[in-house]
Amino acid sequence: PPPAAVDPSFIRFSEDDHGAKLETAVAKYQNAAGETVDLIGAVHLGDPGYYKGLNEAFKGYEVVLFELVGDPAGVQKPEAAGNAPKADAAASILRGAQLMLTNMLQLQHQVEGIDYTAPNFVHADLNWEQFRALQKQKGESFATLLRESMKAQAALAKEKKAAGKPPADEGGLGSILALVGALQGSDTSGLKLLMARQFKDAEEMMAKMEGPDGTVIIAERNKAALKVMDEQLGAGRKRLGIFYGAGHFADMEKRLVERGFQRKETQWRTAWDIPKAVKKEAA
């Protein structure tokens, strides 16, 4: 399609009277040499069918570059996971929170749903030593990222209000009441809907957090991924997929364009299919 017809986003949320959907993009890029690179968006918690569909799609690529800060042995060779260096305490806490949400929302975690042992899977991320060194160099930590994310959310909420388009979450009492209301459902739909709505502004928030110098969590990891991509293209591969969190792709797209790639098309995959919530009867 012509450039004007290409959807510029990588994650989207929609809802109607029947329910809601959270979708991630598969954006195809091509350069003058005919080499193609697909940016395959991921969310770390999803419906089992979402990951099953991705596993099938991955078979069509010569190489799939995947994200994972640390040693890939933990997912590619589970028997060797015990020898891998341990993650930071903050990262372990985040991982624990993800697993808790997996159970609460009755979803599947990406690490359990994706077949990382596929022969065409290639690690394309920082190891923990590189990650820590870059964070120290930039004066960055999970605590500073949390602070910046809160500032970005507040700034975005202000902009949305000024434009007459309130964001998914304005904070304060409204958010607390929304959470209480979601927990009144007899199934997980209400809570999933509340969580999915937060993704509406995710890309804009990430852009505000990045700033001119970029963060380690996005920019530096993207540099590492595209370095591996350059190596694979240099080795003669012509059809590559990059399987990363959808929040990485606004920055990654700019880096692909600088390398002579142009987005040709965008397809969408449903990560969360949320039926309309069922309310409990009042106690």
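J.: Give a description of the packing of helix α5 (residues 128–138) against helix α10 (residues 216–234) that names residues and reports values.
T.: One way to put it is that α5 packs onto α10 with a least axis distance of 11 Å and a crossing angle of 125 degrees. Between α5 and α10, the angle is such that the two are oblique. In terms of crossing hand, the pair formed by α5 and α10 is right-handed. Contacts from F131, L134, Q135 and K138 of α5 reach α10 at V216, I217, E220 and R221. Per-class residue counts for the contact of α5 with α10 are 4 nonpolar, 1 polar and 3 charged.

J.: Tell me about the confidence of the model for the protein, and please be specific about residues and values.
T.: Confidence in the prediction of the protein, expressed as mean pLDDT, is 80, and 71% of residues score 70 or more. Considering each helix and strand of the protein separately, the mean pLDDT is smallest for helix α7 (residues 172–182), with a value of 44, and largest for strand β5 (residues 63–66), with 98. This stretch, residues 80–85, has a pLDDT under 50; its non-local contacts, to residues over four places away or in other chains, come to 7 contacts. Counted against residues more than four places away or in other chains, residues 170–186, with its pLDDT under 50, gives 17 contacts.

J.: Outline the packing of aromatic side chains, listing residues and values.
T.: Taken as a whole and assessed by the stated rule, the structure comprises 8 aromatic pairs. Centroid distance F58 to F121: 5.3 Å. Interplanar angle 75 degrees. Geometry classified as edge-to-face. Taken as a pair, F58 in helix α1 (residues 48–58) and F121 in strand β7 (residues 121–123) lie far apart in primary sequence, 63 residues in all. F58 sits in the buried class, given a relative accessible area of 3%. For F121, a relative accessible area of 7% corresponds to the buried category.

J.: Any details on the pattern of salt bridges? Residues and values, ideally.
T.: With the rule as written, the count across this model stands at 11 salt bridges. A salt bridge links R12 to E23; the shortest N-O distance between them is 2.8 Å. In this pair, R12 sits in strand β1 (residues 11–16) while E23 sits in strand β2 (residues 19–30), placing the two residues 11 residues apart along the sequence. A relative accessible area of 33% means that R12 is categorised as partly exposed. What makes E23 buried here is its relative accessible area of 11%. The residue D125 makes a salt bridge to R221 at a minimum N-O spacing of 2.8 Å. Taken as a pair, D125 in the loop between β7 and α5 and R221 in helix α10 lie far apart in primary sequence, 96 residues in all. On the basis of relative accessible area, D125 is assigned to the buried category, the value being 10%. A residue is classified by how much of its surface remains accessible, and R221, at 8% relative accessible area, is buried. Connected via shared salt-bridge partners are K28, D38 and R239.

J.: Explain the pairing of strand β3 (residues 36–42) to me, and be specific about the residues and the numbers.
T.: Counting buried residues along β3, 7 of its 7 residues qualify, which places the element largely inside the surrounding structure. The sheet contact formed by β2 and β3 spans 5 bridges and is antiparallel. Across the sheet, the residue bridging to Q30 is T36, located in β3. Taken together, β2 and the strand that follows it, β3, pair antiparallel across an intervening segment of 5 residues, in which G34 is found at a positive phi of about 85 degrees. Where β3 meets strand β8 (residues 239–245), 7 bridges bridge the pair, whose relative direction is parallel. Looking across to β8, one finds that T36 is bridged to R239.

J.: How would you summarise the packing of α10 against helix α11 (residues 249–258) if you had to cite specific residues and measurements?
T.: Two numbers describe how α10 lies on α11: the axes approach to 10 Å, and their chain directions differ by 45 degrees. The orientation of α10 relative to α11 falls into the category oblique. Considering the relative orientation of α10 and α11, their crossing is right-handed. Listed contacts from α11 to I218, A219, N222, K223, A225, L226 and M229 of α10 are D251, M252, R255 and L256. Across the contact of α10 with α11, the residue classes tally to 7 nonpolar, 1 polar and 3 charged.

How each quantity is defined
- Each chain carries its own residue numbering, running from 1 in the direction its sequence is written.
- Under the rules for a predicted model, residues below a pLDDT of 70 receive no local features and side-chain atom pairs below 80 are neither given nor counted, while totals for whole chains, interfaces and linings still include all residues.
- Only hydrogens and water are set aside; all other atoms, that is, all heavy atoms of the structure, feed into the side-chain values.
- Axes, fitted as lines to C-alpha atoms, cover a helix only where it is in contact. Angles between the N-to-C directions of the axes lie from 0 to 180 degrees.
- Under the DSSP-based scheme used, a helix requires at least four consecutive residues in state H or I and a strand at least two consecutive residues in state E, with every element numbered from the N terminus.
- In what follows, roughly perpendicular refers to angles from 65 to 115 degrees, roughly parallel to angles under 35, roughly antiparallel to angles over 145, and oblique to any angle outside these ranges.
- Helix crossings fall into two classes, left-handed where the near helix is turned counterclockwise from the far one by less than a right angle and right-handed where it is turned clockwise.
- Any pair of residues with heavy atoms lying within 4.5 Å of one another is described as a contacting pair.
- In the scheme used here, Gly and all other residues not listed as nonpolar or charged are polar, with Ala, Val, Leu, Ile, Met, Phe, Trp, Tyr, Cys and Pro taken as nonpolar and Asp, Glu, Lys and Arg as charged.
- What pLDDT expresses is the predictor's confidence in each residue, scored from 0 to 100.
- Each pair of aromatic rings taken from Phe, Tyr and Trp, with Trp reduced to its six-membered ring, is defined by centres within 6.5 Å and is described as stacked if the planes are under 30 degrees apart, edge-to-face if over 60, and tilted in the remaining cases.
- Remark: exposure states derive from per-residue accessible area (1.4 Å probe, protein chains only) relative to the maximum for the residue type, with buried under 20%, exposed over 50%, and partly exposed in between.
- Take a side-chain nitrogen of Lys or Arg and a carboxyl oxygen of Asp or Glu: if they are within 4 Å of each other, that pair is a salt bridge.
- At least two bridges found by DSSP between two strands is the condition for calling them paired.

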